[in-house]
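Observations on the model geometry
Okay, here's what each chain looks like letter by letter:
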2 protein chains.
Amino acid sequence: MAKTAGILIIGNEVLSGKVTDQNSPYLVRELRALGVEVQRITTIPDDVSVIVEEVRALSARYDLVFTTGGIGPTHDDVTITAIAAAFGRLVVRHPALEEVLRQHYGQGITAAQLRMAEMPEGGRLVGEGDPSFPVVALENVYIFPGIPEVVRRKFERIRDQFRDRPFILRQVFLRCDEGQIADDLYAVLGRFPDLQLGSYPFIDKPEYTVILTLESKSPDYVEQALRFLLDRLSPDSVVRIE
Amino acid sequence: MAKTAGILIIGNEVLSGKVTDQNSPYLVRELRALGVEVQRITTIPDDVSVIVEEVRALSARYDLVFTTGGIGPTHDDVTITAIAAAFGRLVVRHPALEEVLRQHYGQGITAAQLRMAEMPEGGRLVGEGDPSFPVVALENVYIFPGIPEVVRRKFERIRDQFRDRPFILRQVFLRCDEGQIADDLYAVLGRFPDLQLGSYPFIDKPEYTVILTLESKSPDYVEQALRFLLDRLSPDSVVRIE
């Protein structure tokens, strides 16, 4: 079984169309490359009760949860409060984070700025190195801010700890109508029920009209399924195999 | 109260990082421009039981639900089956859709291709005009395919029926630290509790470091909140107002 993950994007700015979420496309690609299976991405508002409900559901359902957004000093930064509440924890100030903030802001630091040193009680700092970019985690929930550049910088520092057995992907590019091969795909799944088999039509590619994707964590299983599939498909329809 | 909406993206290809979802960014922008408030976007696999659970939850919670993906002739196209099941309906073949498909595919039409004439019993075709691109709806759920070009073509045909009172947006571009203005934002919300107030930091813009967004369906309310805010902010920090 692959490690599973859920991604929670927290931000009114995404739901109101002001900002296009770049974080879930990034995380999903990174996690897939690490062998982790993302099973859900949800985008919700900066609303404590909604975040609490969703963090509880995702944390119970998946091995790993990644949240982005709602970290900072202003009224709409409620993620830490909500994640603490989801696990029945208090919010505490972390001494090492407070030290980093005091060095950065100096004497004039405001109470709002000090909020960025807060974390759920029992939470932990993940990753080695630069303490100005710590990743806060609680249980199986990893908490990221919303700014894409910062998400990348932080995730790169901790990504290797999520590495699992990789997915093996083969792709078959076809020129045909999906409806002509539907029975063949059912036959493949009948024989290889654990295969992750995708069929994706395209209307804008001159070269092909369908891409089939065959995936599994077992290279042998994918190769056997690919041979079984190719034996059934009309060779005329196959443009190329990758 | 604004009309509310949930968006459900159905597709293993998004969750496995093969395809970046273009449909939710498109729908969210369009709906916002129409005055509809999107409150949740969820991406889930092509899995009947997961789709059933999610469609029920979204349909009960929001005024409108838009799904994309899982429409077509192959094994992974299970959206119609799942949405029918979510409402306890059978799947039936729609005569007008069947006619369109038979004209398109001719004598050699396959059973798989005819699946694209299926809809939940009690569903309806929405929108006027070109019958080759009907939008199928059941209750408050509008069902779209996954291909972005087709989603756009279909949505454009029916968008006007969702039009609500528009959101009025004002934006204040600032050069300051968010932590210095957090108290001012709380004060604005204390006085204007129904305001949608966003504060977004940027680390890559030479001109400004924060954008504040003020929104409401009442133009007067937004203008009053904007004046109240500007009276509190240091004029030196305001780069421009839009």
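Data block above holds the structure.
Let us look at the structure shown here. Source: prediction; values computed, not measured.

**Notes on the overall build of chain A**
For chain A, the helix and strand inventory stands at nine helices and 12 strands. What you see for chain A is a C-alpha radius of gyration of 22 Å, clearly larger than the 18 Å of a compact globule of 242 residues, by over 25%. If you line up chain A on its principal axes, its C-alpha atoms span 75 × 35 × 30 Å. Counting over 242 residues, chain A shows a buried share of 53%. Summed over its atoms, the accessible surface of chain A is roughly 10600 Å², and 50% of this surface lies on carbon and sulfur atoms. Charge separation in chain A, taken as the distance between the mean sites of 27 positive and 35 negative side-chain charges, equals 3 Å.

**A closer look at helix H2 (residues 23–33) of chain B**
Residue and element names in this part refer to chain B. The element H2 is extensively covered by neighbouring structure, given that nine of its 11 residues are classed as buried. Taken as a whole, H2 has its buried residues at Asn23, Ser24, Pro25, Tyr26, Leu27, Val28, Glu30, Leu31 and Arg32. Among the residues trailing H2, Gly35 stands out with phi positive, at a value near 90 degrees.

**Some words on the interface of chain A and chain B**
Chain A puts 55 residues into the contact, and the matching count from chain B is 55 residues. Here chain A and chain B share an interface that buries about 4300 Å² over both sides, 55% of which is from carbon and sulfur atoms. At the junction of chain A and chain B, the tally comes to six salt bridges. With a closest N to O distance of 3.0 Å, B:Glu53 and A:Arg61 form a salt bridge. At the junction of chain A with chain B, the criterion picks out 20 residue pairs in polar contact (both at pLDDT 80 or more).

**Concerning helix H7 (residues 148–158) of chain B**
Residues and elements named next belong to chain B. Among all positions in H7, only Pro148, Val150, Val151, Lys154, Phe155 and Ile158 are buried. Taken end-on, H7 shows its buried residues confined to a sector of 155 degrees, consistent with a single buried face. Among the structural elements, H2, strand E3 (64–68), strand E6 (124–126), strand E7 (135–138) and strand E8 (141–144) are those in contact with the buried residues of H7.

**Quick notes on the side chain of A:Asn140**
For A:Asn140, the location among the structural elements is in the loop between strand E7 (135–138) and strand E8 (141–144). Excluding its chain neighbours within four sequence positions, the residues that come into contact with A:Asn140 are A:Ser59, A:Tyr62, A:Asp63, A:Leu64, A:Val65 and A:Phe87.

**Thoughts on unusual backbone geometry**
You will see that A:Glu139, though not glycine, has its phi angle at about 55 degrees, which is positive. Here A:Glu139 shows up in the loop between E7 and E8.

**Concerning the pattern of salt bridges**
Close approach of charged atoms allows side chains with opposite charge to pair. Scanning all chains against the criterion turns up 30 salt bridges over all chains. The residue A:Lys217 makes a salt bridge to A:Asp164 at a minimum N-O spacing of 3.0 Å. Placement of the pair is A:Lys217 in the loop between strand E11 (210–216) and helix H9 (219–232) and A:Asp164 in the loop between helix H7 (148–158) and strand E9 (168–174), with a sequence separation of 53 residues. A salt bridge links B:Glu98 to B:Arg93; its shortest N-O distance comes to 3.7 Å.

**So, the relation of the copies chain A and chain B**
Superposition record for chain A on chain B: RMSD 0.0 Å, screw rotation 180 degrees, translation along axis 0.0 Å. The transformation relating the two chain copies, once decomposed into turn and shift, fits a two-fold axis. Residue A:Thr42 of chain A places its C-alpha closer to the rotation axis than any other residue of that unit, at 2.2 Å. When you check the interface residues of chain A against chain B, 100% turn up at the interface there too, and the contact is symmetric in its surfaces.

**As for the packing of aromatic side chains**
Here the structure, examined in full by the defined rule, presents 24 aromatic pairs over all chains. Ring geometry for B:Tyr26 versus B:Phe155: centroids 6.0 Å apart, planes at 85 degrees, classification edge-to-face. Taken together, the residues B:Tyr26 in helix H2 and B:Phe155 in helix H7 connect sequence positions 129 residues apart. Accessibility expressed as a relative area gives 6% for B:Tyr26, which makes it buried. Judged by relative accessible area, which is 0%, B:Phe155 ranks as buried. Between the NZ or CZ atom of A:Arg32 and the centre of the ring of A:Phe167, over which it lies, the distance is 3.6 Å. Positioned above the aromatic ring of A:Phe173, the side-chain terminus of A:Arg240 is 4.0 Å from the ring centre.

**Topic: the packing of helix H8 (residues 178–191) of chain B against helix H9 (residues 219–232) of chain B**
Residue and element names in this part refer to chain B. Orientation of H8 relative to H9, taken along the N-to-C sense of each, is 150 degrees, at an axis distance of 10 Å. For the element pair H8 / H9, the angle class is roughly antiparallel. Where H8 crosses over H9, the handedness of that crossing is right-handed. Of the residues in H9, those touching H8 at Asp184, Leu185, Ala187, Val188 and Arg191 are Ala225, Phe228, Leu229 and Arg232.

Procedures and definitions
- Residues numbered from 1 in each chain as written.
- Chains lettered and ligands numbered in written order.
- Predicted model: local features only at pLDDT ≥ 70, side-chain atom pairs only at ≥ 80, totals over all residues.
- Heavy atoms only, no water.
- Helix = DSSP H or I, 4+ residues; strand = E, 2+ residues; numbered from the N terminus.
- Rg over C-alpha atoms; globule rule 2.2 N^0.38 Å.
- Buried < 20%, exposed > 50% of the residue type's maximum accessible area, 1.4 Å probe, protein only.
- Areas by Shrake-Rupley, 256 points an atom, 1.4 Å probe, with all protein chains shown as cover.
- Lys, Arg positive; Asp, Glu negative; His and termini not counted.
- Charge placed at Lys NZ, Arg CZ, Asp CG, Glu CD.
- Contact = heavy atoms within 4.5 Å.
- Buried area = accessible area lost by both parts, 1.4 Å probe.
- Salt bridge = Lys/Arg side-chain N within 4 Å of Asp/Glu carboxyl O.
- Polar contact = N/O pair within 3.5 Å; in protein donor to acceptor, adjacent residues only side chain to side chain.
- Arc of directions from axis to C-beta.
- Least-squares fit on C-alpha atoms with pLDDT ≥ 70 in both.
- Phe/Tyr/Trp six-rings, centres within 6.5 Å; stacked < 30°, edge-to-face > 60°.
- Lys NZ or Arg CZ within 6 Å of the ring centre and 35° of its normal.
- Axes fitted to C-alpha atoms, helices over the stretch in contact; angles between N-to-C directions.
- Parallel < 35°, antiparallel > 145°, perpendicular 65-115°, else oblique.
- Left-handed = near helix turned anticlockwise from the far one by under 90°.

As far as function goes, none of this settles anything; it's purely spatial.
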